[in-house]
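Geometric and topological summary
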Amino acid sequence: MTEPVASDLREFLRTRRARIAPGDAGLPPQIGTRRVPGLRREEVALLAGVSAEYYERLERGRARNVSASVLDAVARVLRLDDAEREHLYALARPVPARPRALPPQRVRPGLRRVLETISDVPVLILGRRSDVLAANPLGRAFYTDFDALPARERNMLRFLFTDEAARDFYQDWATTARNVVASLRAYAGTHPHDPQLAELVGDLSVRDPDFRRWWADHDVYIRDHGTKRYHHPLVGELELGYESFTPVGETDLTVGIHTVEPGSASEQALGLLASSVLSRVG
């Protein structure tokens, strides 16, 4: 296991241990002051049914061929959710590789045509690292014209953390931004040798203290669906749902489609924005 992966595994498990109070884990109260928040390594080992020495090797990234039963036991003790469990497996069983640039991603023509046929709600297609690979016209009007940006800047994290307008655009910017950082952390678990990931994390860590702090939390998140509230500079406040899915055969692509409640004020506002897009095209 390479040192960056071992470090990520160590910090991930340490931060998960810190969340669990000994009493909540069923351990008897102890007299005296505890030096660490949450569970100690030896307590996780006891509850997971492994030796303290083995768990320490696991947390330090020195255990090889870790069994699924051990990882499941650790996940149970640390009360990991599904995204965290997947992340643990990715970190504990990394694929040996050297840092190398991944091939550029392309949106296949058929998927792009599907994107362009959707005109009443914003749609984005995201690639690795939340790079914005494509957006329909309403998506560009709703967020920003990603196509007009330099290729390096077409990324949702860069939009969230470097575009000043984004903090006003999202009514709960902090929650959205933190979830996107956690999504990038999940990506890092499966793509630890992506040099463009290292460049993105390094750049944003220098430029934004919020990103730096949330990245250090080692939280993971897999976006799938939900609701967000926005304040668009042209049409005002909107509440939109979103659905995310991965097309068959496109492992590293995510299609994000917004939804809107029929007859709502948000639908009317989105309709006004769509009309402005059509008038510019016309």
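See the structure above.
Residues numbered from 1 in each chain as written. Predicted model: local features only at pLDDT ≥ 70, side-chain atom pairs only at ≥ 80, totals over all residues. Heavy atoms only, no water.

1. Concerning unusual backbone geometry
Excluding glycine, residues mostly carry a negative phi; peptide bonds, for their part, are mostly trans. Located in the positive-phi region is R129, a residue other than glycine, with phi close to 65°. Here R129 is to be found in the loop between β1 (123-126) and β2 (132-135). A positive phi angle is found at H218, which is not glycine, with a value near 60°. Within the fold, H218 resides in the loop between α12 (209-217) and β3 (225-232). (Helix = DSSP H or I, 4+ residues; strand = E, 2+ residues; numbered from the N terminus.)

2. What about the pairing of β3?
In regular strands, side chains alternate between the two faces of the sheet. Where β3 lies against strand β4 (residues 236-245), eight bridges are found, and the strand directions are antiparallel. What sits directly across from Y230, in β4, is L238. The turn joining β3 and β4, which pair antiparallel and follow one another in sequence, is formed by three residues. (Pairing = 2+ DSSP bridges.)

3. What about the sheet that holds β1?
Here we have five strands laid out as an open sheet, ordered β2-β1-β5-β4-β3, and antiparallel in their pairing. Each edge of the open sheet carries a strand with a single partner, namely β2 and β3. For this sheet, the mean angle separating the axes of adjacent strands, direction not counted, is 30°. As judged from the five bridges shared by β4 and strand β5 (residues 254-259), these two strands associate in the antiparallel manner. The partner of E243 across the bridge, within β5, is I257. (Axes fitted to C-alpha atoms, helices over the stretch in contact; angles between N-to-C directions.)

4. Focus: the environment of Q268
Relative to the assigned elements, Q268 resides in helix α13 (residues 265-281). For Q268, a relative accessible area of 56% puts it in the exposed group. Each C-alpha atom of the pair Q268 and G139 lies 16 Å from the other, and the pair is 129 residues apart in sequence. (Buried < 20%, exposed > 50% of the residue type's maximum accessible area, 1.4 Å probe, protein only.)

5. Side note on the packing of aromatic side chains
Applying the stated criterion across every chain, the model contains 17 aromatic pairs. When the centroid spacing of 6.5 Å and the interplanar angle of 85° are considered together, the rings of Y143 and Y230 count as edge-to-face. Residue Y143 is located in the loop between α7 (137-142) and α8 (156-162), and its partner Y230 is located in strand β3; the two are separated by 87 residues in the primary sequence. Judged by relative accessible area, which is 14%, Y143 ranks as buried. Ring plane angle 45° and centroid distance 5.5 Å describe the contact between Y170 and Y230, whose orientation is recorded as tilted. (Phe/Tyr/Trp six-rings, centres within 6.5 Å; stacked < 30°, edge-to-face > 60°.)

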